[in-house]
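Residues per chain, in single letters:
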Amino acid sequence: TAQQPFSLVVNPPPVISPASLQPATQGVSYSQALSVTGGTAPFGPWTIAAGSSLPNWLNLNGATGALSGTPPIAGTFYFTVQITDANGVNASQAYSLLVNPSGVAIGTTSLPSGAYNAPYQPFTLSANSGTPPYTWSLGPGGVLPVGMTLNASSGTISGTPAQAGFWNVPITVTDSAETATTQSVTLPLTIGLATAYAGASSCDMPYPATPLYYPGAVSWSLSSSSLPTPSQMALLQGNVLAGCLSGVQSSDSDTPNLIPSGNYPLQFTVGTGGGSNTLTLTLPVVSQDQLSNGTYFANSSGGGHLPPAGYQQGVVTPGQALDFLPGSWGAADPNFNGSFLFGFAGGSPQYCQGANPSSTGGLVPLTVPQQPGRYDIEFDGTTQSCQQSPAFPSNPAPIVMESADAIGSTVSFAGVSISNVSLSSTNQSAYTAAGNVLEIPWGSSPNAVTVQFPYSLFDTACPDCIDQIEVGLNTDSGPQVCAYSGVDGPQGVSGTGNVTINVPNAPGRYYIAIDRSQDYGCLHSTQNWWNGPPPASRYIAVVDVWSAASVRE
């Protein structure tokens, strides 16, 4: 019997290496080489096992077994890789690839500017990388203008600023990674001055008394002004800009020459304790005479201008429908075939008169925005048809004619509800233009104003605590007086407030505001704004101090 010796080689099965993958980092290029041991060469191709899939950012090279890609998000990704040897023996390896967060980064580099007492267009901060959702906050010592807030979950900044000036706002964001990451940046924010209105021969539109802000400011001075003389713009209480702009009558004419419309730089010197800074804020001025924009004109001499004219007092209710009355308006060029637009600054046109509107004027229907604040009324012309819902053209910019303050007929805040406010004064020259609007000629005295209103108070968080309803001016560092102080009880309390507020004897528009406190300030200590200086949502009434005399050169 013939015998033949044989040698039998038994190869180990193919095994994919490595058994586990190195972690990746979000936003960083990743690569990992795979290899196979055992089995019988040649091998290939490298594939993903059925029922498994790679994340869409990761690639597997079928010839080399190299994994590569850049992960845009953090997380753990699961997939199974397989390969077959020359004998058809299959090898597979299940992987879990951990992608660590690279750390959250704030993408916003600047904040849009706003204007005093005008609703700020909501602005949402952005973040890059990290693991959403994010949590937003102000950094240590950080403040926003009074009346503005930062939403912690959305990162949206909104509100109605009750100060003008300059802020450096520290913003912090934290992501939701297992090991949370945080980044902080400081963003500059400018809130501009309110629009001023030049009267025909007297100050008939008092400038809102505007608190000014600058980080660390301890003193303010008005260094220079490009306003034509005379003007009555001045700093009150150290950092409150107030005053009136008066028309000028020349000595040889009875025709008033108005301060021209335009933007007038006001230069301030601010002491900060460690030195001083020179700052400039622009004062927008609108003259209440005929204004033209391209092929259209409008004027406000027919009764549309604000106090003390009597037709409108410039104080409306949020959401109110009103009829605005310009003196006349229409097409300056009768050959121009376009449309004439009216509306509130920052919004879409609410009124459109198409195809060569006449210049006879008439009532213009407008609806006040729902949020409390100060709104400028503007007009413009457009070549668009009214049926196309035209927007205000941006160049040239719409022209502002007037302004209206939206103050709620009922103001509710922190369990306090106030309505039907009435103002009165022993000043023989003062008169009530509306229930919550009082007009006082500048230079007359006294400027003590009696404020009356029914109130209700129900502190659900602490029904047996002592609560106060505090009243003062928006420009005051603290409230002047308490309308109520006591225990509201489990069912709440109601009554009538009757207090006296002292208004500066200087031209300006002053807002009476409320706050609720539990600091016993009405009983034992100095009163303060418990919830911070009041924004427009806490204004309950207006006092105008205006110049009754014509100003001559």
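Given the structure is predicted, the values throughout are model-derived calculations rather than measurements.

Student: Before we go on, may I ask you to explain the state of the cysteines in this structure?
Tutor: Linking two cysteines covalently through their sulfur atoms gives a disulfide. The tally for this structure, following the rule as stated, stands at three disulfides. Bridging Cys-352 to Cys-386, the disulfide has an S-S length of 2.0 Å. Judged by the torsion about the S-S bond (-80°), the Cys-352/Cys-386 disulfide is left-handed. In this pair, Cys-352 is assigned in strand β34 (residues 351–354) and Cys-386 in the loop between β36 (373–382) and β37 (399–406), connecting sequence segments 34 residues apart. Looking at Cys-386, the relative accessible area reads 24%, which means it is partly exposed. Residue Cys-462 pairs covalently with Cys-465 via a disulfide, S to S 1.5 Å. The S-S bond linking Cys-462 to Cys-465 shows a torsion near 50°; that makes this disulfide right-handed. On the basis of relative accessibility, which here comes to 24%, the residue Cys-462 falls in the partly exposed class. Relative accessible area serves as the criterion here: at 22%, Cys-465 is assigned to the partly exposed category.

Student: I would appreciate a short explanation of the sheet that holds β37 in the present structure.
Tutor: Strands sit in the order β30-β37-β36-β33-β34 across an open sheet of five strands; the sheet is mixed. Edge strands, defined here as strands with exactly one partner in the open sheet, are β30 (315–316) and β34. Inspection of the sheet shows strand β33 (residues 339–344) paired to β36 by six bridges, in the antiparallel sense. If you follow Leu-341 over to β36, its bridge partner there is Asp-380.

Student: How should the packing of aromatic side chains be read in this particular structure?
Tutor: How two aromatic rings sit relative to each other is given by the distance of their centres and the angle of their planes. If you walk through the whole model with that rule in mind, you get eleven aromatic pairs. Aromatic side chains Phe-342 and Phe-379 sit 6.2 Å apart centroid to centroid with 45° between the ring planes, which places their arrangement in the tilted category. With a gap of 37 residues between them, Phe-342 in strand β33 and Phe-379 in strand β36 connect regions that are remote in the sequence. Each member of the pair, Phe-342 as well as Phe-379, carries the same accessibility label: buried. Three or more aromatic residues joined by ring pairs make a cluster, and in this case those are Phe-340, Phe-342 and Phe-379. In this structure, Arg-538 packs its charged tip against the face of Phe-413, placed 4.7 Å from the ring centre.

Student: I tried to follow the nonpolar core on my own but got confused; where do I start?
Tutor: Where a protein is soluble and globular, its nonpolar side chains tend to be buried together. Counting 34 residues, the largest nonpolar core has Leu-193, Leu-283 and Val-285 as the members making the most contacts within it. Residues Ala-209, Val-449, Ile-501 and Ala-541 belong to the second largest nonpolar core, which totals 33 residues.

Student: Explain the pattern of salt bridges here, please?
Tutor: One side chain can pair with another of opposite charge once the charged atoms of both are near each other. Going through the model one piece at a time under the given rule, you end up with six salt bridges. Asp-405 is the salt-bridge partner of Arg-374, the closest N and O atoms lying 3.0 Å from each other. Pair noted here: Arg-374 is in strand β36 and Asp-405 is in strand β37, with a separation of 31 residues, a long-range link. When its relative accessible area of 4% is taken as the criterion, Arg-374 is described as buried. Arg-538 is the salt-bridge partner of Asp-515, the closest N and O atoms lying 3.4 Å from each other. Placement of the pair is Asp-515 in strand β47 (residues 508–517) and Arg-538 in the loop between β47 and β48 (539–546), with a sequence separation of 23 residues. The exposure classification of Asp-515 matches that of Arg-538, with both residues buried. Connected through shared salt-bridge partners, Arg-374, Asp-405, Arg-509 and Asp-544 make up one network.

Rules and cut-offs
Residues numbered from 1 in each chain as written. Predicted model: local features only at pLDDT ≥ 70, side-chain atom pairs only at ≥ 80, totals over all residues. Heavy atoms only, no water. Disulfide = S-S within 2.5 Å. Helix = DSSP H or I, 4+ residues; strand = E, 2+ residues; numbered from the N terminus. Buried < 20%, exposed > 50% of the residue type's maximum accessible area, 1.4 Å probe, protein only. Pairing = 2+ DSSP bridges. Phe/Tyr/Trp six-rings, centres within 6.5 Å; stacked < 30°, edge-to-face > 60°. Lys NZ or Arg CZ within 6 Å of the ring centre and 35° of its normal. Core = buried A, V, L, I, M, F, W, Y, C linked by side-chain atoms within 4.5 Å. Salt bridge = Lys/Arg side-chain N within 4 Å of Asp/Glu carboxyl O.

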